[in-house]
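# Observations on the three-dimensional arrangement
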Amino acid sequence: MIVQTLDIGLAALVLTLAGWTVLARAAFPAVVSYVTYGLLLSLIWVRLFAVDVALTEAAIGGGLTGVLLIAAASKRRKSAVLATERDVTPPLRRAIAVLCALITSALATVVVSLPDPSPSLAPQAVQNIAATGLGNPVTAVLIAYRAFDTMLEKCVLVVAIVGVWSLARDRCWGGAPGAPTVIAQDGALTFFAQLLPPLGILIGIRIFWIGADEPGGAFQGGAILAAMWMIIMMARLADAPAISGRWLRIALAAGPIVFLGVGILGFAAAGSFLAYPAGFAKPMIIFVEIFMTLSIAATLPMLVAGPPIRTPRP
Amino acid sequence: MSFALNLLSVTAISAGLIFFLAGTLGLLRFPDTLSRLHALTKADNVGLGLVVIGLLPLADNMLAGLKLVVVWVLVQLSGATVGQLIAQSIRRFGQTG
Amino acid sequence: MPDFLLTAAVFILFTVAIGLVRILYGPCDADRAMAAQLFGSGGIATLLLVASATRAPGVEDVAMGLALLAAFASVAFVSSIATAGPEGADGE
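Remember, predicted model here, so these are calculated numbers, not experimental data.

### Looking at the overall build of chain A
A count of helices and strands for chain A gives 12 helices and zero strands. Secondary structure elements of chain A, listed N to C terminal, follow the sequence α-α-α-α-α-α-α-α-α-α-α-α. Reported as C-alpha extents along the three principal axes, the dimensions of chain A are approximately 60 × 55 × 40 Å. When burial is assessed residue by residue, chain A has 38% of its 314 residues classed as buried. Summarising the internal contacts of chain A: among those between residues at least 6 apart in sequence, 74% fall at separations of at least 24.

This is how it looks when you write it as structure tokens:
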């Protein structure tokens, strides 16, 4: 009974926040509301016993998207292009609202009327997990059963970063994003950025490492490491690196390249693309995950930093 | 022994609830952003600390208990920083909407 | 004991809900920037209580990760106000 109250309370709060986000008048309140919505949603994931998803929701929905949206809102405010607001007339708004409501109710009906127990491959997934040497079925799905998807996702990250960089002016190509570092100011932010990252890096590495057997994994650990780098950049303790830097580009591309390499190796070692040789699966999975984590930790902050705006140093 | 630990948990968590209530009342009733900031970063923080103390006896092992304490330390750190930064922004820019 | 923990969790969630309504309504942006900090203390307290009551596996690590990310989010919000003012937030 108490658990139901908790669940209903959580759901009501999350829905209220969603409504608030849509109805907000300015960008900043909407972003704050959206990020809090994401953080509370991760509580709901924990209640649904989907702990890996909870961590990812908090990392991406809470941390990364919030920073991206604030940066976008502030850039939009600085530019003069606000005319698109006037093109969305009230009848169009009403039509959009009705369409969204229809889609939402259709989704809700489908979810509520799923057969119980729903058809699912989960039992087979858990049964065969011993062959991969992992203990966490989510990681097994991500890196063993549907490794192809995950590899493509990492490639998408590289494409995204190239897309963001392509927004640079021609003369800035090869330069660095963000304003140059002023002399690091004393103060609370500097203290925070000196104290939190060491702890955060430890936590990030730990969450990546235990992903093999407990909830966690490369993506969550990488997102936490990315957040630590973003704090350092936000506090102006370090500059964003120039995009022509060799080590930066190696870090960004390492994940997909290693994943692809292991996949091709699968032809020789076990008979097909991305197959792992028997008994050797777990070390290869960990090997791939290390580079995935590195790439994610490098890509996400560079996405937030944006296109280069400084001309490159000769 | 286990009864004493349970009693400690219940007492600590109840005290934590009182602090959370006080913090929220402060959020609702204080007239000014700066005082609301106090209510949030201090009262709610102590509430979390008491909840953590109450959950320590129920933890599975020492490592789990250590993680609970780390959570509290992280929230304290962010509370301190947020407090300073918001106060700086209000001092610099005034309370605009 | 689990019942007590769950009741405490519901209570704290209730205070978080009321606090959020007040904060998001708050007239200036500095008020709203506190929302992530409110989640960091109240929401994570709820999470810890619920996890202890329902014995969900591996939640202490998630709580650490969440606390870290809530800290990051709250400082990100606030520094975007503090460095450039509420009207011209300068995200990094």
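We are not done yet, so read on.
### Examining the overall build of chain B
Along the backbone of chain B there are three helices and zero strands. Counted from the first residue to the last, chain B has its helices and strands arranged as α-α-α. For a compact globule of 97 residues, the expected C-alpha radius of gyration is about 13 Å, and chain B comes in at 16 Å, more than 25% above that figure. Taken over the C-alpha atoms alone, chain B extends approximately 55 × 25 × 15 Å along its principal axes. Expressed as a percentage of its 97 residues, the buried residues of chain B come to 42%. Put simply, of all contacts in chain B between residues at least 6 apart along the chain, 63% involve residues at least 24 apart.

### Regarding the domain arrangement of chain A
All names here are of chain A. We note that the domain assignment places domain 1 (1–87) and domain 2 (122–314) within chain A. Placing the centre of domain 1 and that of domain 2 at their C-alpha centroids yields a distance of 24 Å. Every contact between the two is made by 11 residues of domain 1 and, on the other side, 13 residues of domain 2. Tallied by class, residues from the side of domain 1 that touches domain 2 come to eight nonpolar, two polar and one charged.

### Regarding the nonpolar core
Counting 145 residues, the largest nonpolar core has Ile44 and Ala67 of chain C as the members making the most contacts within it. If you tally residues by element for this core, the top one is helix 4 (residues 59–84) of chain C, at 17 residues. Domain assignment of the residues forming this core places at least three in each of domain 1 (1–87) and domain 2 (122–314) of chain A. Beyond its immediate stretch of four places on either side in the chain, Ala67 of chain C contacts Val71, Leu74 and Val75 of chain B together with Gly40 and Ile44 of chain C.

### Topic: the interface of chain C and chain A
Counting from both sides, the interface comprises 46 residues of chain C and, opposite them, 54 residues of chain A. Of all the elements in the fold, those that place two or more residues in the side of chain C that touches chain A are helix 1 (2–25), helix 2 (29–32), helix 3 (35–54) and helix 4 of chain C. Ranked by the residues each element gives to the side of chain C that touches chain A, the list is headed by helix 4 of chain C, at 17 residues. Each residue belonging to the side of chain C that touches chain A can be placed in one class, and the counts come to 31 nonpolar, nine polar and six charged.

### Considering the confidence of the model for chain A
A low pLDDT means the predicted coordinates there should not be read in detail. Per-residue confidence for chain A gives a mean pLDDT of 84; residues scoring 70 or more make up 93%. Element-level mean pLDDT values for chain A span from 61 in helix 4 (residues 84–87) of chain A up to 91 in helix 5 (residues 90–112) of chain A.

### Some details on the packing of helix 1 of chain C against helix 3 of chain C
Residues and elements named next belong to chain C. Where helix 1 meets helix 3, the closest approach of the two axes is 8 Å, and the angle between their N-to-C directions is 165 degrees. It follows that helix 1 is roughly antiparallel to helix 3 by the angle criterion. Regarding helix 1 and helix 3, the two cross each other, and that crossing is left-handed. Residue composition of the contact of helix 1 with helix 3, grouped by class: 17 nonpolar, six polar and no charged.

### A few points about the interface of chain C and chain B
Opposite the 42 residues of chain C that make contact, chain B presents 42 residues. Of all the secondary structure elements, the ones that give two or more residues to the side of chain C that touches chain B are helix 1, helix 2, helix 3 and helix 4 of chain C. A total of 14 residues in the side of chain C that touches chain B trace back to one element, the largest contributor, which is helix 4 of chain C. The class makeup of the residues in the side of chain C that touches chain B is 28 nonpolar, 10 polar and four charged.

### Observations concerning the environment of Met228 of chain A
Residues and elements named next belong to chain A. Along the polypeptide, Met228 turns up in helix 10 (residues 218–234). Residue class for Met228 comes out buried when judged on the 23 C-beta atoms lying within 10 Å of it. As a C-alpha pair, Met228 and Trp247 span 19 residues in sequence and 19 Å in three-dimensional space. The residues touching Met228, leaving out its near neighbours within four places in the chain, are Leu196, Pro197, Gly200, Ile201 and Gly204.

### Notes on the environment of Gly83 of chain B
Residue and element names in this part refer to chain B. Along the polypeptide, Gly83 turns up in helix 3 (residues 62–93). The spatial distance from the C-alpha of Gly83 to the C-alpha of Asn6 is 35 Å, given a sequence separation of 77 residues. If near-sequence neighbours (up to four positions away) are discounted, Gly83 is found in contact with Leu37 and Thr41.

### A few points about the confidence of the model for chain B
Residue and element names in this part refer to chain B. In the predicted model, chain B carries a mean pLDDT of 87, and 96% of its residues have values of at least 70. For chain B, the element scoring lowest by mean pLDDT is helix 3, at 86; helix 1 (residues 2–29) scores highest, at 91. Per the prediction output, this complex has pTM 0.87; the corresponding ipTM is 0.86.

Scoring rules and cut-offs
- Residues numbered from 1 in each chain as written.
- Chains lettered and ligands numbered in written order.
- Predicted model: local features only at pLDDT ≥ 70, side-chain atom pairs only at ≥ 80, totals over all residues.
- Helix = DSSP H or I, 4+ residues; strand = E, 2+ residues; numbered from the N terminus.
- Buried ≥ 20, exposed ≤ 12 C-beta atoms within 10 Å, placed from the backbone.
- Contact = placed C-beta atoms within 7 Å.
- Rg over C-alpha atoms; globule rule 2.2 N^0.38 Å.
- Domains from an automatic or database assignment.
- Nonpolar A, V, L, I, M, F, W, Y, C, P; charged D, E, K, R; others polar.
- Core = buried A, V, L, I, M, F, W, Y, C linked by C-beta atoms within 7 Å.
- pLDDT = per-residue confidence, 0-100.
- Axes fitted to C-alpha atoms, helices over the stretch in contact; angles between N-to-C directions.
- Parallel < 35°, antiparallel > 145°, perpendicular 65-115°, else oblique.
- Left-handed = near helix turned anticlockwise from the far one by under 90°.

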